[in-house]
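# Reading the structure
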Amino acid sequence: MRKIVLLCNGGLSTGILVRKMKKAAEKIPYGCEILAVPVSSVREAAWDADLILLGPQVLYQQETVKRQVDCQVAGIEPKAYGKMDGEAVFAQAKKLLDGSPDD
Amino acid sequence: MNIQGISQKMEQYVMPVADKLGNERHLRAIRDAFMSLLPLTFTGGIAAVLSSAPSVETAGNGITMAWAQFVANYSTVFSWINALTLGAMSLYICIGIIHFLCRDANVESFLPILLGVCGFLMLVVEPQSLGWDGKIAEISYMDGKGLIPAMLISIVTADLYCYMRKREIGKISLPDTVPPSLSDVFASIAPGALLMVIYIVVFAVMNAMGTTLPKLIYQAISPSLSAMDNLGFTVIITLLVHIFWFFGIHDAALSGVLGPIRDGNLSLNAVAHAAGESLPNIFTTPFWVYFVVIGGCGSVLALAILLCTSKSKQLKAMGRLGLIPAFFNISEPIIFGLPLMLNPIFFVPFLSTSVINGALAFLAMQIGLVGRSYAMLSWQMPSIIGAFFSTMDWKAPLLILILMVIDGAIYFPFYKIYERNLVKQELGEEE
């Protein structure tokens with residue numbers, strides 16, 4: 001089971017996105033766990049993640065997050081984030097995890 | 001320079017600074033400690049709202065009379081809740097900072113918290129008479145006035161403790177047969193004893209001078225603190241936060257500095273309110289959440305309403321998506337989706353709306369037109385409701401409505417320019 005963790009400041013606005021991403025994952029279907037946590041609890045909540053995605057508002061902390069974990073860390077494309085486009089962000093996540101966009 | 005150039009420059013220069021500032025471990029621990037206060041400030045806020053009944057003499061009849069009578073009967077309960085929530089904020093901040101600093105250093109935080117609480121009580125609470133049959137101490141400085149001593153004590157405690165434990169200073173070697181939990185206690189004896197000696201020496205010196213640590217600090221800095229509660233400071237801080245957000249950087253990067261000011265001012269107001277005195281401060285946490293950023297940073301609630309009526313399909317969809325989050329003070333969807341971030345068309349209104357909200361609300365409170373805030377409920381409470389409950393003044397929600405109209409008027413021309421561009425694009429696509 002893959003684990004994708006989304007980070008934002010309080011875990012609130014990414015929470016909305018997580019719900020939509022889960023729907024996109026079910027549609028495929030793609031077995032994975034997706035959750036949103038505040039950026040300050042990376043070490044407790046995301047130490048075993050396969051992929052960490054940062055909301056654009058906390059992207060400036062990317063280097064600090066990278067130092068705390070071993071997995072891939074990437075920023076969510078701001079416009080997809082703002083539109084809470086679960087499918088687009090999920091596609092981005094899947095591409096990062098699997099390496100290819102369509103399989 | 002075009003917007004892409006600015007964006008690149010920002011990644012190169014602004015982001016590393018924001019990262020340093022937002023992740024400096026002391027500032028981050030302070031910020032996390034203030035965030036953790038919420039359940040306490042919330043309960044304290046509810047109690048403050050409940051206790052704002054009209055006095056028994058002036059209450060009309062029926063419900064207001066019953067309410068006034070209820071508050072009068074249980075005044076001790078309400079005062080005690082106030083004294084131990086917002087009125088004792090510094091104690092909880094002290095515990096929180098030690099906890100988060102230790103977590104950051106991977107050191108078990110239990111023992112340093114015990115030590116820090118002892119140091120805090122010794123230095124911040126002022127003994128009045130310590131007799132055989134009863135002890136009386138003054139706890140007033142546990143409110144916002146004690147925040148700076150609380151930060152000092154917690155940082156010294158956590159940093160010294162973690163430093164000594166990591167370098168095994170004063171570690172007593174015990175045979176392997178001693179259980180590990182016991183040797184952990186022994187390992188903390190020397191760091192603990194040293195910290196206790198520091199607290200005791202500071203207390204003894206202050207006591208000999210006829211003062212306490214918080215009194216000394218507060219007398220020294222209170223002129224500059226009250227100077228900060230002014231219009232210029234409100235405008236500059238609001239502008240700074242929005243410049244950060246224009247580049248897409250969350251203002252949490254500044255919260256380590258802003259939190260103590262906002263919550264400290266709130267605490268002093270709450271204590272003054274409970275004592276029936278006039279409220280000293282304007283720039284508090286509820287002032288910021290409910291009056292300055294109406295709909296989240298960028299004051300996007302008015303804009304979200306405008307978007308919902310747009311002729312452009314994209315903008316209309318964005319408005320529908322962003323309206324409800326904005327109502328609960330979450331502006332990220334509109335900031336990143338519209339986008340407002342790095343959008344030159346919206347540069348002026350994005351930076352000016354919240355500044356104008358802050359300035360007008362500040363002036364309205366300064367001249368006494370609208371009541372000042374003394375209760376913090378929740379960051380997600382819609383402005384119009386939060387403004388009422390944080391001040392218990394019916395004119396406060398009215399002010400919010402007026403500010404929203406002004407925000408809408410400021411956004412309107414820029415929104416129209418943007419809409420025209422998008423409508424043109426959409427028509428082009430259809431042809």
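Described below are features of the structure shown in this document. Position labels on residues start from 1 in each chain and follow its written sequence. For naming, the first written chain is A and the first written ligand is 1, with later ones following in the order written. Given that this is a predicted model, residues contribute local features only at a pLDDT of at least 70 and side-chain atom pairs are listed and counted only at 80 or more, while totals for whole chains, interfaces and linings are drawn from all residues. With hydrogens and water stripped out, all remaining heavy atoms of the structure feed into the side-chain values.

Further remarks concern the layout of surface pockets. By volume, the largest pocket is sized at about 730 Å³. Site definitions follow a grid-based scheme: protein atoms alone, a 1 Å grid, a 1.4 Å probe that fits but cannot get out for cavities, and for pockets an open set with protein on both sides within 12 Å along at least five of seven lines, plus lining residues having an atom within 4 Å of a point. In terms of lining residues, the largest pocket is bounded by 33 residues, among which Asn9 of chain A together with Met35, His250, Trp379 and Gln380 of chain B are the most central. Each helix is a run of H or I in the DSSP string that is no shorter than four residues. Each strand is a run of E no shorter than two, and both are numbered from the N terminus. Elements with a minimum of two residues in the lining of the largest pocket: α2 (25-36), α3 (38-50), α13 (252-274) and α14 (285-292) of chain B. Considering each element in turn, the lining of the largest pocket owes the most residues, six residues, to α13 of chain B. Grid points are joined across faces, edges and corners, and a volume is the space filled by probe spheres set on the points.

Attention shifts here to the interface of chain A and chain B. Every residue pair with non-hydrogen atoms within 4.5 Å of one another is taken to be in contact. Contacts between chain A and chain B engage 22 residues on the former and 28 residues on the latter. Buried area, as used here, totals the accessible surface that two parts lose on assembly, with accessibility defined by a 1.4 Å probe and the loss added over both. Regarding the contact of chain A and chain B, the summed buried area is about 2,100 Å², with carbon and sulfur atoms giving 58% of it. The three residues of chain A that bury the most area against chain B are Asn9, Gln57 and Tyr60 of chain A, which together make up 30% of that side's buried surface. Tallying contributions element by element places helix α4 (residues 78-82) of chain A first for the side of chain A that touches chain B, with four residues. Under the grouping applied here, Gly and all other residues not named as nonpolar or charged are polar, the nonpolar ones being Ala, Val, Leu, Ile, Met, Phe, Trp, Tyr, Cys and Pro and the charged ones Asp, Glu, Lys and Arg. Class assignment of the residues belonging to the side of chain A that touches chain B gives a composition of eight nonpolar, eight polar and six charged.

Bringing α2 of chain B into the picture now. All names here are of chain B. The span you would expect from a helix comes to 1.5 Å times its residue count less one. With twelve residues, α2 extends 16 Å between its outermost C-alpha atoms, agreeing within 8% with the 16 Å of an ideal straight helix rising 1.5 Å per residue. The buried label goes to any residue with under 20% of its type's maximum accessible area, the exposed label to any with over 50%, and the partly exposed label to all in between, with areas taken from a 1.4 Å probe on protein chains only. The complete set of buried residues in α2 reads His26, Arg28, Ala29, Ile30, Arg31, Asp32, Ala33 and Phe34. Whenever two N or O atoms come within 3.5 Å, that pair is a polar contact, provided that in protein one can donate a hydrogen and the other can accept it, and provided that, for residues adjacent in sequence, both atoms are side-chain atoms. Measuring from the backbone nitrogen of His26 back to the side-chain oxygen at the start of α2 gives 2.9 Å, which picks out Glu24 as the cap.

Right, let's get into the nonpolar core. The tendency in soluble globular proteins is for nonpolar side chains to be buried as a group. Put simply, buried Ala, Val, Leu, Ile, Met, Phe, Trp, Tyr and Cys residues joined by side-chain atoms within 4.5 Å make one nonpolar core. In terms of nonpolar packing, the biggest core is built from 125 residues, with Leu53 of chain A together with Phe291, Leu338 and Leu340 of chain B touching the most fellow members. Ranked by the residues each element gives to this core, the list is headed by helix α6 (residues 89-105) of chain B, at ten residues. Setting aside chain neighbours within four positions, we find Leu340 of chain B in contact with Phe246, Val300, Leu303, Ile334, Ile335, Phe346, Phe350 and Tyr411 of chain B. Counting 14 residues, the second largest nonpolar core, distinct from the first, contains Ile52, Val58, Cys71 and Val73 of chain A.

Shape is all these values report; function is a separate question.
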